[in-house]
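Single-letter residue listing:
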Amino acid sequence: MNNPIIENNLDFTLFSWGKQSGLNPINAHYAKGSYVYDREGKKYLDFSSQLMNVNIGHGNQRITEAVANQMRELSYVYPGMATEVRGLLGKKLAEITPGNLTKTFFTLGGAEAIENAIKLARIYTKRHKIIGHYRSYHGATYGAMSVGGDPRKFPIDAQAVGGFVHVENPYFYRCPWNSSSEEECGERAAAHLERVIKFENPDAIAAIVFEGESGSSGCIKYPPMYLERVRKICDKYGILFIADETMSGFGRTGKMFGVDHHKVVPDVMCMAKGLTSGYLPLGAMVVTDTIANHFNDTPMTLGLTYSAHPTACAAALENIKIIQEENLVTKAAQTGQYIEMQISKLKEKHPSLGDFRNTGLLGCIELVKNKISKEPTTPWNAKPNEMEATVKMAAKIRALGMFTFVRWNWIFVAPPLNVSIEEVDEGLEIISKTMEIADQYCN
């Protein structure tokens with residue numbers, strides 16, 4: 001290979017989610033706007049905002065300046081000290097989150113926000129069971145992995161954290177109850193949730209943890225009434241509703257948060273990714289005033305060495321200013337509508353295009369061998385010998401100069417919120433050429 005950068009990466013570091021032999025990572029050099037450039041000068045259109053987190057696009061020097069200015073003054077103090085930037089960021093989050101979500105506990109990322117939300121729910125309610133969706137992902141730590149249903153947890157299932165229960169998603173394209181409409185699927189999913197609560201003993205259930213909008217499990221759209229029903233069920237049984245906005249927050253869905261589409265207020269909101277647009281690691285758990293007041297005279301036994309890290313808080317505060325000042329939430333909604341219109345045209349061209357689910361700029365194309373039977377091009381949780389089509393499509397996308405998240409029979413469409421229409425057209429053209437591979441598997 002004779003490339004010291006690649007050699008050092010492969011020889012001395014481990015890469016996520018796969019075997020370590022045969023890797024050929026992009027040798028990233030710099031990034032600007034919607035593009036990442038490798039050290040040979042090739043550019044890649046970033047059509048999934050890396051891991052759906054670079055919401056403001058790459059290389060925004062306002063973040064650089066905010067971070068540098070903060071570090072010149074104060075880089076780090078332990079979380080028991082007050083800092084100006086911590087208070088300003090907490091105040092800003094109280095302003096932009098819905099309802100009476102008012103106080104924030106800062107973490108290192110989304111998984112740690114979920115971990116601490118689970119702990120908080122159990123401490124607060126004195127109950128132990130947590131309910132999540134089967135088709136969900138909340139992070140890779142043990143607790144976050146356990147509350148999610150993503151099959152990446154299967155290798156550690158025997159050591160999973162206890163007390164987690166799972167329910168079916170309201171996945172209308174593949175509705176478990178063979179519903180005739182999206183609304184009917186939502187009603188049946190909510191009824192299923194309530195039955196499971198009764199089976200599991202409502203007095204034992206501390207919280208329900210659902211994504212604000214579904215992400216890496218296939219962008220499964222909630223029926224319009226579903227989260228409202230979930231909120232009512234939680235209130236009925238004294239269960240906390242924890243919304244995981246790690247992927248769907250900060251304008252990604254065309255609203256500031258995914259739950260804003262459904263006009264519900266969770267008891268706890270977890271966030272990361274778009275909080276800093278990935279420029280620095282930071283997560284947060286925001287709670288209602290009711291929960292916050294409970295801990296006025298009761299110890300809140302949660303803590304992290306890097307909680308409320310001043311430098312990361314500075315990145316987040318400037319990032320939110322950019323999102324607001326550049327009107328990126330509205331822009332995401334408008335660009336998302338354009339993408340939906342363009343992909344609807346591709347349905348006529350490609351027999352493999354079974355479904356496209358999208359909210360703002362959080363979308364997923366689902367590919368099938370047959371539009372009637374809906375047999376997936378690549379099965380869910382496919383074994384290596386079943387991944388032929390997926391591997392070919394991922395290679396094609398990279399060869400054509402694009403980076404996006406390709407998983408099983410899904411191609412994700414989640415560019416930065418400030419992506420241009422010309423860049424969208426470029427990305428959809430690459431995806432169309434890639435879907436020609438999936439078309440070859442149709443019957």
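Everything that follows concerns the structure shown earlier in this document.
A brief look at the structure comes next. Here the structure is a predicted model, which is why all the values come from computation and not from measurement. (Residues numbered from 1 in each chain as written. Predicted model: local features only at pLDDT ≥ 70, side-chain atom pairs only at ≥ 80, totals over all residues. Heavy atoms only, no water.)

## Here we look at unusual backbone geometry
Leaving glycine out, the prevailing phi sign among residues is negative, and the prevailing peptide bond configuration is trans. We apply this condition: Only DSSP runs of H or I reaching four residues or more are called helices, and only runs of E reaching two or more are called strands; each is numbered from the N terminus. Exposure categories follow from relative accessible area, calculated using a 1.4 Å probe and restricted to protein chains: below 20% of the type maximum is buried, above 50% is exposed, and the middle band is partly exposed.
At tryptophan 17, a position not held by glycine, the phi torsion is positive, near 60 degrees. The topology assignment puts tryptophan 17 in the loop between helix H1 (4–12) and strand S1 (28–32). Accessibility expressed as a relative area gives 53% for tryptophan 17, which makes it exposed. Notably, lysine 263 is not glycine yet its phi reads approximately 55 degrees, a positive angle. Counting through the fold element by element, lysine 263 comes out in the loop between strand S8 (240–244) and strand S9 (268–271). With relative accessibility at 75%, the residue lysine 263 sits in the exposed group.

## Quick look at the pattern of salt bridges
Just so we agree on the cut-off: Salt bridge, as applied in this entry: a Lys or Arg side-chain nitrogen positioned within 4 Å of an Asp or Glu carboxyl oxygen.
With the rule as written, the count across this model stands at 17 salt bridges. Arginine 62 is paired through a salt bridge with glutamate 318; the nearest N and O atoms lie 2.8 Å apart. Of this pair, arginine 62 sits in helix H3 (residues 61–73) while glutamate 318 sits in helix H10 (residues 310–325), and the two are 256 residues apart along the sequence. With a closest N to O distance of 2.7 Å, aspartate 150 and arginine 407 form a salt bridge. Of this pair, aspartate 150 sits in the loop between helix H6 (142–147) and strand S6 (164–167) while arginine 407 sits in strand S14 (residues 406–407); the two residues are 257 residues apart in sequence, bridging distant segments of the chain. Taking relative accessible area as the criterion, aspartate 150 reaches 3% and is therefore assigned buried.

## With respect to a nonpolar patch on the surface
Note the cut-off: In this analysis, a patch consists of residues with relative accessible area above 30% that form no salt bridge, clustered at 9 Å for like charges and at 5 Å for the nonpolar side chains Val, Leu, Ile, Met, Phe, Trp and Tyr. Only the protein chains shown count as cover for residues, and the accessible areas themselves come from Shrake-Rupley with a 1.4 Å probe.
On the surface, a cluster of nonpolar side chains totalling about 510 Å² of accessible area is made up of Tyr76, Tyr78, Met81, Leu108 and Tyr306. As for its position among the elements, tyrosine 78 is in the loop between H3 and helix H4 (84–96).

## So, the pairing of strand S5 (residues 129–133)
What counts here: Only strands joined by at least two bridges in the DSSP assignment are considered to pair. Every crossover in which the path from the first strand over the helix to the second runs clockwise, viewed with the strands pointing away from the viewer, is termed right-handed.
Of all five residues in S5, five are buried; the element is thus mostly enclosed. Here S5 shows two buried faces, one formed by Lys129, Ile131 and His133 and the other by Ile130 and Gly132. Sheet topology note: the S5/strand S7 (residues 205–211) ladder contains four bridges and is parallel. Paired with isoleucine 130 across the two strands is alanine 207, which belongs to S7. Bridging between S5 and S6 involves four bridges; their strand directions are parallel. Its bridge partner lying in S6, isoleucine 131 is registered against valine 165. On the question of chirality, the crossover connecting S5 to the parallel S6 by way of H6 is right-handed.

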